[in-house]
Amino acid sequence: MRDLPTHTVTDVALEAVGIGRSFDGKAVLEGVDLTLAAGDVVALLGPSGCGKTTFLRIVAGLLPPSAGRIAIGGRIVAEGAEAAAPPEARGLGMVFQDYALWPHLSVIDNVAFPLRMRGMPRAARRARAQAALEQVALGHLAARWPGTLSGGQQQRVALARAVVAEPPLVLFDEPLSNLDRELRESLAVEIGALLRRLGLSAIYVTHDQAEAFTIADRVAVMLDGRLAQIDAPEALFARPATVEVARFLNIGAVLAGRVEGARFRLPGGDIALPAGALPAAAASGPAHLLVPRTAVRPADPGGAELRARVIRCQFQGDRYLLHLALGAGDDSAHLVCPADRPARPGEAIGLALNRDRLCLWPAAA
Ligand SMILES: Nc1ncnc2c1ncn2[C@@H]1O[C@H](COP(=O)(O)OP(=O)(O)O)[C@@H](O)[C@H]1O
Ligand SMILES: [Mg+2]
């Protein structure tokens, strides 16, 4: 008897391999690999202009890649620059920043539209659309026109329309950017919960770290057209792959200095490195050291390993953030450190360091 395959091709929602894209000879995306298993929700997080929308448009079929292959549900829909399947043949759900609802269709007809495209009979599609509207708590607004709804409500309608046909993949491109902060937070939680309830796979593009962490199990950090790291939010913070990832996520202070033996020397002080915890990178020479905010706390100056001077004290609602200089010189390294109590600019304080949380990368000389 033949062995049964352990999984079918449809277990893979998306396989993007070696995706590249240039505009006018300038590379915007290079070698992007991203795989989503069925039910995966991945956030694509990166600064404005790094290539997120370009990647999403390639997955959606709105733009051909210059290089690489896209398979959706095991079926190849784009290979290099040639003959790609058009968006409607990919059957994906999409939610954009600007809602993109049809103003001449009622709310329920907007939501039912993807089902109409698939030839579902009217009664069946209205029932499905109504159920999708209930999922986003808008069942009572089915007969309204989109223009009479608030921004948040319109985005929920767009969300219901994107999931109504239970597509193999839902694409989100900064869907909450036009909404105010409170609404953004609650809708982000809701979107994450809805995707999981329906077991849908999704790529959620955002430049907002909090939103990415709220929605996704895994976060793909895109910098300058490349994926720098794909990891769970906690892992990104505990083990950023590169100094650029650490900087972009604003995990703490990135200090430039030199490794000498088991110490990291920098203008204004030096820091003992944890023995054995910093493998290959710990060879002597120029390096960058990440001191995460959460790895530093104020301590009694007497016994403290590091001494610093307060430059600025910032009230953050539930605590203070101290901006500190390690030495007296203009070139001395700066750190940030959360504190329960305020401190005065100029005040000298001691610092305790959780060395296991330091990250070190060799730097070009
Ligand atoms: N159609 C286009 N023609 C030329 N350049 C483009 C085009 N689309 C995007 N770009 C450029 O590609 C880069 C990435 O853009 P985009 O994917 O929109 O970034 P993001 O969504 O991360 O902000 C930007 O420098 C942008 O100007
Ligand atoms: Mg964009």
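Quick caveat: nothing in here was measured; it's all calculated off a predicted structure.

> Which parts of the structure should I look at to understand the sheet that holds strand β2 (residues 26-37)?
The strands making up a sheet associate through backbone hydrogen bonding, with each pair oriented either parallel or antiparallel. Across the sheet, which stays open at both edges, the four strands sit in the order β2-β1-β4-β5 with antiparallel pairing between neighbours. Unpaired on one side and paired on the other, β2 and β5 (75-79) mark the two borders of the sheet. Across the sheet, the mean angle from the axis of one strand to that of its neighbour is 15°, orientation sign disregarded. In the packing of helix α1 (residues 52-60) onto the sheet, the strands contacted are β1 (12-23), β2, β4 (67-72) and β5, and the crossing angle to β1 comes to about 120°.

> Which parts of the structure should I look at to understand the pairing of strand β13 (residues 269-272)?
If a strand is regular, its side chains alternate between the two faces of the sheet. Where burial is concerned, the two faces of β13 differ: the one with G269 and I271 is buried and the one with D270 and A272 is not. As paired elements, strand β12 (residues 263-266) and β13 share four bridges and run antiparallel to each other. Across the sheet, L266 pairs through a bridge with G269, a residue of β13. With antiparallel pairing between neighbouring strands as the criterion, β12 and β13 make up a hairpin whose turn holds two residues, including G268 at a positive phi of roughly 100°.

> Just to check I follow, could you spell out the sheet that holds strand β6 (residues 93-95) for this structure?
Pairing in this open sheet of six strands is mixed, and the strands run β6-β7-β8-β3-β9-β10 from one edge to the other. Each of the sheet's edge strands pairs with one partner strand only, and the pair in question is β6 and β10 (226-231). In this sheet, neighbouring strand axes are inclined to one another by 15° on average, regardless of whether the strands run parallel or antiparallel. Most of the contacts of helix α5 (residues 151-163) go to β6, to which it runs at about 165°, and overall it touches β6 and β7 (170-173).

> Would you explain the site of ligand 1 in this entry?
In the region of ligand 1, the neighbouring residues are F23, V28, G46, S48, G49, C50, G51, K52, T53 and T54. The dominant element in the shell around ligand 1, judged by the number of residues it contributes, is α1, at three residues.

> Explain helix α4 (residues 122-135) to me, please; I cannot follow it from the model alone.
Because each turn of an α-helix spans 3.6 residues, side chains separated by three or four positions end up pointing in the same direction. Helix length check: α4 (14 residues) gives 20 Å between terminal C-alpha atoms against 20 Å at 1.5 Å per residue, within 8%. R125, A129, A132 and L133 are the residues of α4 that are buried. Looking straight down α4, one finds its buried side chains confined to an arc of 100°; they lie on one side. Structural note: α4 exposes A123 and A124 on the side pointing more than 90 degrees away from its buried face.

> Any chance you could explain the confidence of the model for the chain here in plain terms?
For residues with low pLDDT, the predicted coordinates do not support detailed interpretation. Mean pLDDT for the chain: 91, with 95% of residues reaching 70 or above. This model gives residues 1-9 a pLDDT under 50, and the stretch forms one contact once residues within four places in sequence are excluded.

> Got a minute to help me understand the environment of A160 in this structure?
Among the secondary structure elements, A160 is positioned in helix α5. Taking the C-alpha atoms as reference, A160 lies 18 Å from V205; in sequence the two are 45 residues apart. Setting aside chain neighbours within four positions, we find A160 in contact with V111, A132, L133, Q135, V136 and L138.

Conventions used here
- Residues numbered from 1 in each chain as written.
- Chains lettered and ligands numbered in written order.
- Predicted model: local features only at pLDDT ≥ 70, side-chain atom pairs only at ≥ 80, totals over all residues.
- Pairing = 2+ DSSP bridges.
- Helix = DSSP H or I, 4+ residues; strand = E, 2+ residues; numbered from the N terminus.
- Axes fitted to C-alpha atoms, helices over the stretch in contact; angles between N-to-C directions.
- Contact = placed C-beta atoms within 7 Å.
- Buried ≥ 20, exposed ≤ 12 C-beta atoms within 10 Å, placed from the backbone.
- Near = placed C-beta within 6 Å.
- Expected span 1.5 Å × (residues − 1).
- Arc of directions from axis to C-beta.
- pLDDT = per-residue confidence, 0-100.

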